[in-house]
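Descriptive structure summary
These are the residues of each chain, in order.
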Amino acid sequence: MSHSTTRLTVAQALVRFLAAQYTERDGVRHRLIAGTWGIFGHGNVAGVGQALVEAGEDVMPFHQGRNEQAMVHAAVGYARQRDRLSTQAVTTSIGPGATNLVTGAALATINRLPVLLLPGDYFATHTADPLLQQLEHPVEADVSVNDTLRPVSRYFDRITRPEALIASALNAMRVLTDPAETGAVTLALPQDVQAEGFDWPEEFFAERVWRVRRPAPDPAELAEAVRAVRAAGRPLIVAGGGVHHSGAEDALKAFTDATGIPVASTQAGKGSLRHDHPADLGGIGHTGTAVSDDLARTADLVIGVGTRYTDFTTASGTLFQNPDVRFLNLNITAFDAHKLAATTLVCDARAGLTALTEALAGHRVDAGYEAEYRAGKERWERVVEAAYRADDDSAVPTQTQVLGALDAVVGDEDVVINAAGSLPGDLHKLWRARSPRQYHLEYGYSCMGYEIPAAIGVQQAAPDTPVWALVGDGTYLMMPTEIVTAVQEGLPVNVVLIQNHGYASIGGLSESVGAERFGTAYRYRAADGTFTGAPLPVDLAANAGSLGMEVLRAKTVGELRQALRAARASDRPTCVYVETDVNSGSPAAPPAEAWWDVPVAEVASREAAVQARERYDREVAARRHHL
C-alpha cells in the first residue's frame, strides 16, 4: 500500500474526496455527489469556495443558489429523482447562511432523502472570537448556530482538526448511502480549519464504491408473513415511498397480479402502480379515494410496504376499523416495520415483494373481493372525470379543472411536483400517475416553497424530462428566488402558478375547526381590523417575469389549455399564471373521505368553535390503538 501524501487544505481535500465517491446497486454505478450548490460569505469563500475554483467544473460542478433553504430543496429533488443513489452537496457561510439550512435538512431527513450539508463555522482556534455573526454562549464555548442542525441530521460532525475529516467523511458517505439510515448529513467546517493545510494520505482520495444493499427477508419472518396473507380475506396493500426508493414497482405489480391484492398509496407511494392498473385504488387516508378508504375500514390485513404510517395515512388512527385488523409491515427500517404492532418483514422492498410472490404461488383473493374493489375503482374514476371536466372553454377554471387541463397535456415521462396548500389533497385524490417518477409530492414535511427549487433539482437529474412545479400564491411568495437560478442555468422548468388570494387550504381548515378563516386571506384590512377587504393588487405573474421567466397568462379554461401546451413545448423556464374561480358552481374537489385530527378549542365563546368542538368529540371517539 502506498504511503505517499499530498498537501492540500481541508476544503480542497474534501472536494477531491467527494469527487471520487460512487454508489452501486444492481451492478449499476452512480456518482454519489454529482455537484455542489453554494452561496458564499466570509465563512466559506476562502475555504470551500477556493477549493471549488481550484478543482474546476470537471471535478466538481458548481451551482449558484439564491437562498440556502432552496439549495437544499434542489438537492433533495435531485436525489429523489435519482432514487437516492446520487445527490448534491450544499455549502454556506456561517450564521444565517447556515441556519437557513435547517428547514431543508428537516425535510430531507423526514423524507429519508440524502443531502450533504457543508456549513461554515466559527474559528476552531477561538483566536478571533466573537466573529461576525457568531452566537456567543456564556457557558458552552463550543456551541455554534450549526448545532441547530443536529436534531435534523442523520449524521453531524464539526471538523475541528484536519485529520478528523478522514473518519468523518467516510462516516458521512456511509450514512448517505445507507437505505435505512439516510437523510441530511452535516459536516460543519470552521472557517480557519477549511483553509488549513495538511499532508493527506493518497488512499483517502482513491475511488470508493458504496454498495447500496438489498437485504433479503429473514426466513422465519417470511414464513409468518405468508401465513398472515393466506389467512386474510380482505387484505389491502399500503404502498409508501419505500416502493419507489427500492425501485420495487415491477415487483409490486407482479405481486398484486399474482394475488389480486389491491394497492392504495400514500403521498410518497403514489405511482407505485400505474393509475389504470385494475388493482390501483389511488390515495389512502384523509386525502384518499373513497374506494381506498372504504376498503381500509373493512380490511382484515393491512400490508404496509415502505410506509411510515403518518396521520394522514391512518386518518389519525381512525381509518382501520375492522375489529380483527392486523398489520404486516415490509420495511427496510425496523423502526417503521414495527409500527401498529405489526408482523414484521425487515428487508428491501423489492427483495421482500419478490420473496412473498414466490412463497405465495397459487394464492389469490376471492373473486368477489376483486369485483368489489374494481367496481369501487370505476365509481371513483367517474368522480375524477367530473372534477376535471370543463364544458365551457370561456369560463374561469376551478383548481380541479386546472389539474384536468394539465392531465390532458402531460406525457408518461413528465414529473409533477407539489408540497403544500390545497393542491396535495386534490392531487392525491385525483391525479392519474402514469409512471413511477411522475408524482413528486413532498408531504413528509409539506414545506411551502419546496416546489420551484425541487423542480430545478429534478430537471438537473433528468434533463430531457418536462418538469412541472405546481404552486399556489401563498407557496410562491415563500420562495420564488430560484427562478433566477433556472434562468441562469437554462433549465426549462414549468411553473403553474395558481392565484386564489390567500392560504386556501388553511382557510378551509380554519373554518372547520372554528377559527373562522382568521388570518388566511390576502386582502386589505377592513374597517373592523380584519383582513376582509378587497384582494391585494399583487401581480405575481409580473414578478415571475421580472425574474426572467417567460409568462403565459390564462384567464379561461381554453387559454389555460393552450398555455400548458405551449409551456411543455418551450425550451426555457416558463410560468403559466391562472386565477382560479373559488366560488364557481362547477364541480370542486371531492370532500375528505376520512378524518384528520386537528385539536379544537375545548373552551370557547364563539359559536363556530363550539360546534367544531362537538364535531371533534364525535370523530375522535373512533380512534383506535392497534396492539
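By convention here, each chain's residues receive numbers from 1 onward along its written sequence. Under the rules for a predicted model, residues below a pLDDT of 70 receive no local features and side-chain atom pairs below 80 are neither given nor counted, while totals for whole chains, interfaces and linings still include all residues. As a convention, hydrogens and water are excluded, and side-chain values are obtained from all of the structure's heavy atoms.

Observations concerning the overall build of the protein chain
Rules: Secondary structure elements follow DSSP: runs of H or I of four or more residues count as helices, runs of E of two or more count as strands, with numbering from the N terminus. A radius of gyration in this sense is built from C-alpha atoms; the matching globule rule multiplies 2.2 Å by the number of residues raised to 0.38. For every residue, the accessible area obtained with a 1.4 Å probe (protein chains only) is divided by the maximum for its type, and the residue is called buried under 20%, exposed over 50%, and partly exposed between those limits. Contacts: residue pairs with any heavy atoms within 4.5 Å of one another. The sign given to each residue is positive for Lys and Arg and negative for Asp and Glu; His and the chain ends receive no count. Charged side chains are reduced to one point each, which is NZ for Lys, CZ for Arg, CG for Asp and CD for Glu.
Secondary structure assignment for the protein chain yields 24 helices and 23 strands. Against the 2.2 N^0.38 benchmark of 25 Å for 627 residues, the protein chain shows a C-alpha radius of gyration of 25 Å, consistent with a compact globule. Principal-axis analysis of the C-alpha atoms gives the protein chain an extent of 70 × 70 × 55 Å. In the protein chain, which comprises 627 residues, the proportion classed as buried is 57%. Contacts in the protein chain between residues far apart in sequence, at least 24 positions, make up 76% of those at least 6 positions apart. Charge-centre separation for the protein chain: the mean point of 55 positive side chains lies 4 Å from the mean point of 75 negative side chains.

Considerations on the environment of T23
Heads up, the rule is: In protein, a polar contact means a hydrogen-donor-capable atom and an acceptor-capable atom, both N or O and within 3.5 Å, with residues adjacent in sequence counting only if both atoms are side-chain atoms; elsewhere, any N or O pair within 3.5 Å suffices.
When you line up the elements, T23 lands in strand 2 (residues 21-25). For T23 and G404, which are 381 residues apart along the polypeptide, the C-alpha to C-alpha distance reads 39 Å. For T23, the residues in contact, after removing those within four places along its chain, are V28, R29, H30, L32, L85, T177, V209, W210 and V212. A polar atom in the side chain of T23 sits 2.7 Å from the backbone oxygen of L85.

Considering the packing of aromatic side chains
To keep it simple, the criterion reads: For Phe, Tyr and Trp, where Trp contributes only its six-membered ring, two rings pair if their centres lie within 6.5 Å, and the inter-plane angle classes them as stacked under 30 degrees, edge-to-face over 60, or tilted in between. Note on criteria: charge over ring means Lys NZ or Arg CZ within 6 Å of the ring centre, with the direction from the centre no more than 35 degrees off the ring normal.
Evaluation of the coordinates by the stated rule reveals eleven aromatic pairs. Between the aromatic rings of Y369 and Y373, the centroid separation amounts to 5.7 Å while the plane-to-plane angle is 85 degrees, which identifies the pairing as edge-to-face. With Y369 and Y373 both in helix 15 (residues 367-388), this residue pair falls four residues apart, about one helical turn. When sorted by exposure, Y369 lands in the same class as Y373, which is buried. Cluster of aromatic residues (ring-pair linked, three or more members): F17, F198, W200, F204 and F205. Here the basic side chain of K270 rests over the ring of Y439, its NZ or CZ set 5.5 Å away from the ring centre. Taking the ring centre of Y577 as reference, the NZ or CZ of R553 above it sits at 5.7 Å.

A short note on the environment of A420
By the element assignment, A420 lies in the loop between strand 18 (415-418) and helix 17 (423-430). Take A420: its relative accessible area is 5%, and that puts it in the buried class. Remark: the alpha-carbon pair of A420 and W37, spanning 383 residues in sequence, is separated by 24 Å. In contact with A420, other than residues within four places in its own chain, are S446, C447, M448, E451 and T475.

Details of the pairing of strand 2
Side chains on a regular strand alternate between the two faces of the sheet. Note the threshold: For two strands to count as paired, DSSP must find a minimum of two bridges between them.
The buried count for strand 2 comes to four of five residues, which makes it a mostly enclosed element. Pairing of strand 2 with strand 11 (residues 208-211) involves four bridges; the strand directions are parallel. Across the sheet, E24 pairs through a bridge with R211, a residue of strand 11. Bridging between strand 2 and strand 3 (residues 28-31) involves four bridges; their strand directions are antiparallel. What sits directly across from E24, in strand 3, is R29. Hairpin remark: strand 2 followed by strand 3, antiparallel, with two residues in the connecting loop; positive phi at D26, about 55 degrees.

With respect to the packing of helix 10 (residues 249-259) against helix 14 (residues 349-359)
Basically, it comes down to this: Simply put, an axis is a line fit to the C-alpha atoms, just over the touching stretch for a helix, and the angle between two N-to-C directions goes from 0 to 180 degrees. An angle below 35 degrees is treated as roughly parallel, one above 145 as roughly antiparallel, one from 65 to 115 as roughly perpendicular, and anything else as oblique. Helix crossings fall into two classes, left-handed where the near helix is turned counterclockwise from the far one by less than a right angle and right-handed where it is turned clockwise.
Contact pair helix 10 / helix 14: the axes reach a minimum separation of 9 Å and the direction vectors enclose 25 degrees. If you check the angle between helix 10 and helix 14, you find them roughly parallel. Helix-helix and strand crossings are classified by hand; for helix 10 and helix 14 the assignment is left-handed. Each of A251, L252, A254, F255 and A258 in helix 10 lies in contact with helix 14, whose residues at this interface are R350, L353, T354, L356 and T357.

So, unusual backbone geometry
Of note, the amide linkage connecting D129 to P130 takes the cis form, showing an omega dihedral of -10 degrees. Along the chain, the position of P130 falls in the loop between strand 7 (115-121) and strand 8 (155-158). With phi around 75 degrees, Q133 is a residue other than glycine that occupies positive phi space. Looking at the element boundaries, Q133 is found in the loop between strand 7 and strand 8. Judged by relative accessible area, which is 35%, Q133 ranks as partly exposed. Not every positive phi belongs to a glycine, and Y309 is a case in point at roughly 55 degrees.

A closer look at the sheet that holds strand 16 (residues 326-331)
Strand order in the open sheet formed by six strands is 14-13-12-15-16-17, with parallel pairing between adjacent strands. The strands lining the two open edges of the sheet, one partner per strand, are strand 14 (280-283) and strand 17 (343-346). Each strand axis lies, on average, 20 degrees off the axis of its neighbour in the sheet, ignoring direction. The pairing of strand 13 (residues 263-265) with strand 14 spans two bridges and is classified as parallel. The partner of V263 across the bridge, within strand 14, is D280.

Description of the sheet that holds strand 4 (residues 33-38)
What the six strands build is an open sheet, ordered 5-4-6-7-9-8; its pairing is parallel. If you trace the sheet from one side to the other, it starts and ends with strand 5 (62-64) and strand 8, each paired once. Between one strand and the next, the sheet's axes are offset by a mean angle of 20 degrees, whatever the strand orientation. Inspection of the sheet shows strand 4 paired to strand 5 by three bridges, in the parallel sense. Directly across from T36, in strand 5, lies its bridge partner F62.

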